[in-house]
Every structure is written in structure tokens, then in C-alpha cells.
Amino acid sequence: MSNHPESSPLSIHDMTVAYQRRRVLWDVDYAAPAGKLTAIVGPNGAGKSTLIKAVLQLIPTASGDVAFFGRPYREQSGRIGYVPQRTSVDWDFPIDALGVVTMGLYRKIGWFRPVTRKYRQQALAALERVGLAEFASRQISQLSGGQQQRVFLARALVQDADLYLMDEPFAGVDAATERAIVELLRELRSAGKTALVVHHDLQTVAEYFDEVLLLNNRLIASGPVEQVFTTENLRRTYGGKLALLDLVGSRMSTK
Amino acid sequence: MTNFVRVLLLQDYNTRLVLCGTLLFGACGGVVGAFMLLRKKSLVGDVASHAALPGIGLAYLIMESISPGSGKSPVWLLLGAGAGSAAGLYCAGLIQRTRLIKEDAALGIVLSVFFGFGIVLLSIVQSLPTGSAAGLSEFVFGKAAALTAGDVASIAVASLIVLSVCAIAFKELSLLCFDEAYAAALGWPTRQLDLLLTSLVVAVTVIGMPSVGLLLVVAQLVIPPTAARFWTDRHGALTIVSGVLGALSSAIGVVASALVPRLAAGAVIVLAGTGIFIVSMLFGTRRGVVWHWLGQFSARRKIGQLDLLRTCFEILEQSIGDASPVECDLTAIPISRQQLLDARTWTDARLRNVLTAAQRDGSIRLDADGNFRLTVEGTRLARRATRNHRLWELYLIHFAQTAPSRVDREADEFEHVLEPDLVEQLEVLLEQDRVRARVPVNPHA
């Protein structure tokens with residue numbers, strides 16, 4: 001663990017992840033810059049979600065090591081906020097929006113101790129930040145997809161983490177939610193937090209993010225958007241699908 | 001008759017005893033089952049109970065070979081049952097970890113293999129000279145009526161432990177059930193929590209075996225929580241309701257079997273649980289089928305009424321031409337059936353229904369000339385419905401992209417949804433449209 005910089009919220013050394021014999025991530029070497037919004041971009045099956053799950057030790061890695069703020073994950077898990085894909089849970093679960101957000105506080109509350117008023121109020125404040133205070137006591141299946149996504153965000157926000165890992169928060173949400181999420185990401189950045197966000201929409205990368213990490217089973221490139229998010233790098237990331245890339249490229253050059 | 005009263009008043013010591021034991025088991029099954037249902041692992045209870053059988057058989061054979069005659073000791077048999085359940089679940093877990101086959105298939109395989117093995121062991125036991133009297137089949141089908149005070153005492157202790165664990169670790173288990181990956185990312189030891197929950201299932205299996213028998217244990221893990229889901233949308237309440245329903249079905253089963261000679265309590269408990277389930281499914285306050293139908297019906301009716309009134313108003317607007325609808329006496333103008341049919345895509349039957357309902361409400365009257373006319377009250381409602389509908393459509397057109405979360409609301413509650421100044425703005429818009437087009441405008445046009 002010697003050569004992990006403490007300044008980087010997330011540093012990855014030579015990480016390889018394999019499902020059975022198929023390698024999903026090869027020798028990923030990356031250090032996330034602190035206080036920036038970073039998009040993780042790549043085609044389907046490039047291992048974007050896998051990257052997040054592997055650094056959080058939700059799936060085993062074949063090799064490599066990972067540090068958060070220079071320390072192992074186990075010591076830092078309280079400083080990391082995770083926003084899983086919305087489709088990863090059953091929204092028919094008997095719980096209301098406030099209940100889900102409160103789950104972000106369970107670590108702080110501690111083993112076997114009840115959720116008190118103080119914590120419920122913190123959770124409500126987080127719901128308010130994502131604009132869902134009035135939906136606090138709604139059963140979660142009665143929320144729209146975008147609202148569900150915002151509940152997940154609120155659950156991560158309430159942790160008051162320093163690093164946020166978000167798995168496709170923009171997938172299948174309405175325009176209002178997309179704006180709310182972007183707003184929130186900027187708030188986090190101005191509070192000095194770092195966010196790594198799996199992102200699908202190439203058109204908005206430059207607008208929403210400072211940094212980009214291009215991934216296609218290997219790390220293709222990483223760095224500030226204006227240097228790294230180039231047609232050439234995108235071509236290397238996405239291979240043949242050029243029509244879209246040229247469009248993005250021309251947009252980038254006119255900016 | 002006296003027997004009937006005796007049973008219902010619980011004057012019988014034995015009935016009280018049996019009731020106490022099965023009540024506690026029912027509550028445990030309901031509470032633990034609620035977690036399993038929400039984890040989508042109800043089948044795990046099935047495996048735990050079936051896999052207990054070879055455990056019982058092996059325990060008997062081992063104890064008999066160590067010291068003949070000791071095989072019937074219920075403590076060892078139940079320990080064997082617990083070990084069998086645990087082994088079965090462990091095997092299912094091992095198979096799943098290879099990710100080569102799906103969970104349900106893995107559980108199904110383990111269940112059948114263990115149960116088959118158990119039956120083989122049981123026939124070996126039966127062939128032994130001491131075996132036929134061993135009464136191992138009681139563990140399969142249960143024998144609630146023969147519970148002893150000692151049995152009930154151990155059921156009580158074990159049940160209280162299970163219930164306390166569920167109460168103390170409720171928050172943690174709830175998190176595990178809802179979002180295991182998130183729990184793990186937060187640093188919760190999800191594997192240990194999962195182990196805890198599995199141990200609780202094994203415990204319930206072992207507790208229930210002497211009373212309802214291993215085949216029916218699973219019913220108490222699955223039926224009460226499924227029924228409880230129809231009554232509440234809160235996990236805490238669900239767990240409690242599920243426990244209560246489990247206890248209730250046990251009580252019904254025990255009392256019924258005490259009333260009718262030779263009726264096996266275990267089977268009646270399950271049947272009672274099923275009855276509770278059916279009632280919950282129909283009348284449950286949260287998602288009961290009957291309420292759903294009624295809600296659907298009344299919504300359809302309400303929409304029909306609003307549509308009818310609005311259609312009437314639009315027809316009247318056309319017939320008065322340029323005159324202001326506020327000044328005319330709208331109640332005097334006739335509306336024919338054909339006009340209504342032409343205005344909307346209603347079938348003849350549907351139109352008849354909404355018209356009958358409107359006449360009953362007193363908003364429309366059928367006059368001797370065969371035409372319909374709005375009543376004074378009907379005119380007021382129709383004007384309001386039309387105005388709300390148009391404002392709502394304008395809102396959707398002009399403002400909705402700023403707040404799609406509001407779009408699912410009904411048009412007629414819309415003054416409560418929107419801020420007053422927004423309503424004012426909309427009214428200005430509506431007025432502009434009216435001036436521009438002379439005719440009160442349909443925003444679709």
C-alpha cells in the first residue's frame with residue numbers, strides 16, 4: 001500500500017477483474033483527482049459498473065490493489081457514498097422514501113440501535129436537497145423512476161461522504177431529475193467532494209464533468225475533459241461506431 | 001356441546017399447552033418468514049425443512065448405535081434436524097457460488113436430494129427392531145396434540161430467542177433484505193448477516209417440527225408474510241402483522257383440531273393460514289383486490305361524469321355562439337343524445353351508464369321532449385370541470401416540462417397542486433386564447 005497517494009480519493013493499481021475466465025478489466029491503473037467530477041465513459045460491457053463494484057469489494061478482484069485517500073477500503077468505508085443502479089433493488093419493498101434515505105445513516109447510528117428523530121430529520125433534509133421532501137412518506141413503488149433515482153442520491157448524500165461513486169444515475173431519468181442531479185453534483189464539488197459517475201450520454205460529458213475516464217476493458221485514457229475527451233480517444237474506446245463519434249467530435253471542436 | 005365450550009374457554013390443560021406452543025411457533029414463522037419473503041428467499045425455508053429429515057434419521061441411527069434405546073431422545077433428534085437443515089442450506093450455497101446454475105434450481109435439487117436421502121434413512125430405521133416404534137414420522141407430519149409441557153417449554157425458550165434476535169437486529173436485517181450490495185459497500189458484514197438470517201430459518205424449522213411437522217413448517221414461513229403484505233407498506237408493521245397472522249392461524253388450527261377428533265392440527269393450521277391469506281388478498285387495506293376493483297370502478301365513474309359534464313358544456317358553448325356563457329341561462333338549452341354520442345367516442349351502453357349516473361346525482365335531467373338539460377348544480381359543475389380541464393391542458397403545454405412530477409395529478413384537484421399565482425397566469429393565458437380565437441379554445445386545436 002506504500003505508493004498510494006493520500007491526496008487521491010481513489011487510487012487503483014494494476015487491477016484485474018475476471019468473471020470465470022473472461023477478463024472484464026485488465027491492469028487498470030488510475031488515480032482520481034480530488035474535488036473533481038469525473039465521468040466513467042465506455043461502451044456496454046466495458047466494465048464501468050464492474051470497476052465501481054470491484055473497488056468497493058462487492059466482487060472479487062483477480063489482482064491489484066485499491067486505496068481510498070491512501071488507506072485500504074475497510075478503514076475508509078465511512079467516507080465513501082455509493083449510489084447503485086436503480087434497477088438493482090426491488091422497488092416493491094415495503095418502505096417509504098424516508099426509510100430508504102435513513103439507510104445511509106445506519107452506519108452512523110451503529111449496530112442494533114434504533115433510528116431516532118435526529119436521524120430521521122437528517123434524512124428528511126437530504127430528501128429536501130433532492131427536491132423530494134413532500135414524498136417522504138410515499139411507498140417507494142409509487143415514485144417515478146427519476147424520483148427513485150433521487151431517493152438513492154439522497155441516501156448517499158445523507159452519509160456526508162467525501163467520495164461518491166455513482167452507477168449510471170442518469171439512466172432512464174426525466175429531464176427534471178437530470179437537472180437536479182447535475183445541480184447536486186456541482187454542489188458536491190463546491191463543497192470539496194469528489195464524484196465518479198458512470199455516464200452513458202457522450203453529448204453531455206463535456207457539459208457536466210471536469211474529468212473523464214475512458215474505459216473499454218482497459219483504461220484507454222483519463223484526465224481533464226478538454227484534453228482527453230477527443231475524437232481520437234473516443235475512437236479507441238468505442239471502436240467502429242463512428243457516426244456518433246464524429247458528431248461528438250465536431251461538437252467538442254466548436255466549443 | 002360442553003366439549004365445544006370447554007375447548008373455546010381453554011379449560012383443557014392440554015389444549016392450553018398445545019396452543020401456547022403453536023402460537024409461539026406461528027409468530028416466529030411469520031416474523032422470520034417476513035424477512036425471507038422480502039429477500040425473495042422463501043424457498044430457503046422449504047430446503048431447510050426438507051433437509052432436516054436425513055438429519056433426524058442419521059441422529060437416530062447414530063444414537064442407537066452408541067447406546068441402544070437413546071435414539072428417541074427428542075433433543076438429539078432436533079439437533080440432528082438442525083444439522084440437516086444447515087447442511088442442506090450450505091450445499092445450496094456452495095452450488096450457487098459456482099454461478100453455474102440459478103438459485104431456484106440449486107435449491108430445488110438440494111431439497112429433493114436431501115428429502116430422498118431422508119426417506120431412505122427412515123425406511124432403514126423402520127426395518128430395525130426398535131425402529132417402527134421410534135415415531136420418527138411424527139417429525140414429518142407433526143403431532144401437535146401430543147406436545148408435552150417439556151416440549152412447549154423448549155419451544156417457548158427457542159421462540160423468544162428467535163423473536164428477540166429479530167427485534168434487536170431488525171434494522172440490519174431490513175437493510176440486508178432491501179439492498180445487500182449497498183449494505184456491503186457501507187461496510188456491513190453482509191455474509192454474517194445472511195448467516196444470521198439463515199440460522200433463524202433453521203431455528204424456526206426445528207421449533208416447528210414437533211408440532212406442525214417438517215412438511216408444513218414452510219407454510220408458516222411463507223403464508224403469513226405474504227398475507228401481511230396486503231395490509232401494510234411498512235417493513236416494521238409487515239413483520240408484526242405477519243407474526244400475528246402466523247399466531248392466529250396456529251390458534252385457529254389448534255382449536256379446530258381439539259374440537260374435531262382425529263383432525264391433525266398441523267394441517268388445519270396451514271388451512272387456516274390459507275384462509276387468512278385469501279381474506280387478506282381480497283380485503284387487505286393496502287393492495288386488496290376488492291379495494292383495487294372498487295377504486296378502479298369509482299375512478300372510471302368519476303372520469304365519466306367529468307367528461308360528460310365537460311362535453312355538455314362544450315355543446316352548450318357551441319349552441320350559444322358568441323354570447324357569453326356566464327350570462328345565458330344554460331339550463332334551458334336542450335342537448336340531444338346524438339350530440340353527446342357525436343362529441344365523444346363513447347359506446348351507446350357507456351353513454352347510457354354515465355347519463356343514468358348523472359341523473360341520479362342530479363346534475364342532468366331528462367325532459368319530456370327526450371332531450372337532456374343541465375340542472376343549476378350541473379351547470380356549475382360543468383363550468384368548473386371545463387375550466388379546470390382547459391387550465392390543466394394549458395399547464396401541461398406551457399409549464400409542465402419544468403415539473404413533470406406533477407403531471408400525474410387529476411385535473412380537478414389541480415388548484416390544490418399549483419400555486420395560486422400560477423393558476424392566475426394560466427387564467428390569463430386562457431383569456432388570451434379566447435380573445436385570439438373568439439371561441440373558447442380547445443388547446444389541442
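Residues numbered from 1 in each chain as written. Chains lettered and ligands numbered in written order. Predicted model: local features only at pLDDT ≥ 70, side-chain atom pairs only at ≥ 80, totals over all residues. Heavy atoms only, no water.

From N to C terminus, chain B includes 19 helices and 2 strands. Within chain B, contacts between residues at least 6 apart in sequence are counted, and of these 70% link residues at least 24 apart. Counting every atom, chain B has about 21,400 Å² of accessible surface; 65% of that belongs to carbon and sulfur. (Helix = DSSP H or I, 4+ residues; strand = E, 2+ residues; numbered from the N terminus. Contact = heavy atoms within 4.5 Å. Areas by Shrake-Rupley, 256 points an atom, 1.4 Å probe, with all protein chains shown as cover.)

Time to look at the layout of surface pockets. Residues and elements named next belong to chain B. Its boundaries defined by the atoms lining it, the second largest pocket holds a volume of some 620 Å³. At the level of elements, α4 (74-97), α6 (137-141), α7 (149-168) and α10 (190-208) are the ones that each hand at least two residues to the lining of the second largest pocket. Its residues placed into classes, the lining of the second largest pocket shows 21 nonpolar, 3 polar and 4 charged. (1 Å grid on protein atoms, 1.4 Å probe; cavity = no way out; pocket = protein on both sides within 12 Å on 5 of 7 lines; lining within 4 Å. Points joined across faces, edges and corners; volume = space filled by probe spheres on them. Nonpolar A, V, L, I, M, F, W, Y, C, P; charged D, E, K, R; others polar.)

Under the defined criterion, the tally for this structure stands at 27 salt bridges over all chains. Across the salt bridge formed by Glu75(A) and Arg71(A), the nearest N and O atoms sit 2.9 Å from each other. Each of Asp307(B), Arg310(B), Glu314(B), Glu317(B), Arg344(B) and Arg390(B) takes part in a single network of salt bridges with overlapping partners. (Salt bridge = Lys/Arg side-chain N within 4 Å of Asp/Glu carboxyl O.)

Another point: helix α5 (residues 117-129) of chain A. Residue and element names in this part refer to chain A. With 13 residues, α5 extends 18 Å from end C-alpha to end C-alpha; this agrees with the ideal 18 Å at 1.5 Å per step. All of the buried residues along α5 are Tyr 119, Ala 123, Ala 126 and Leu 127. Projection of α5 onto a plane perpendicular to its axis shows the buried side chains occupying an angular sector of 100°, all on one side. Seen from the open side of α5, the exposed residues pointing more than 90 degrees away from its buried face are Arg 117 and Glu 128. Tucked into the core, α5 has its buried residues touching α3 (97-103), α4 (106-109) and α6 (145-157). (Expected span 1.5 Å × (residues − 1). Buried < 20%, exposed > 50% of the residue type's maximum accessible area, 1.4 Å probe, protein only. Arc of directions from axis to C-beta.)

On to the interface of chain B and chain A. At the interface, 32 residues of chain B touch 36 residues of chain A. Together, Lys171(B), Phe178(B) and Tyr182(B) form the three largest contributors to the area buried by chain B at its contact with chain A, with a combined 26%. Run the count over chain B and chain A and you get 4 salt bridges. Viewed at the interface, chain A and chain B are joined by 14 residue pairs in polar contact (both at pLDDT 80 or more). Elements represented by at least two residues in the side of chain B that touches chain A include exactly α8 (170-178), α9 (180-185) and α12 (235-259) of chain B. When residues in the side of chain B that touches chain A are grouped by element, the largest group, 6 residues, is from α8(B). Of the residues that constitute the side of chain B that touches chain A, the class distribution is 16 nonpolar, 6 polar and 10 charged. (Buried area = accessible area lost by both parts, 1.4 Å probe. Polar contact = N/O pair within 3.5 Å; in protein donor to acceptor, adjacent residues only side chain to side chain.)

That is the geometry; function is a separate question.
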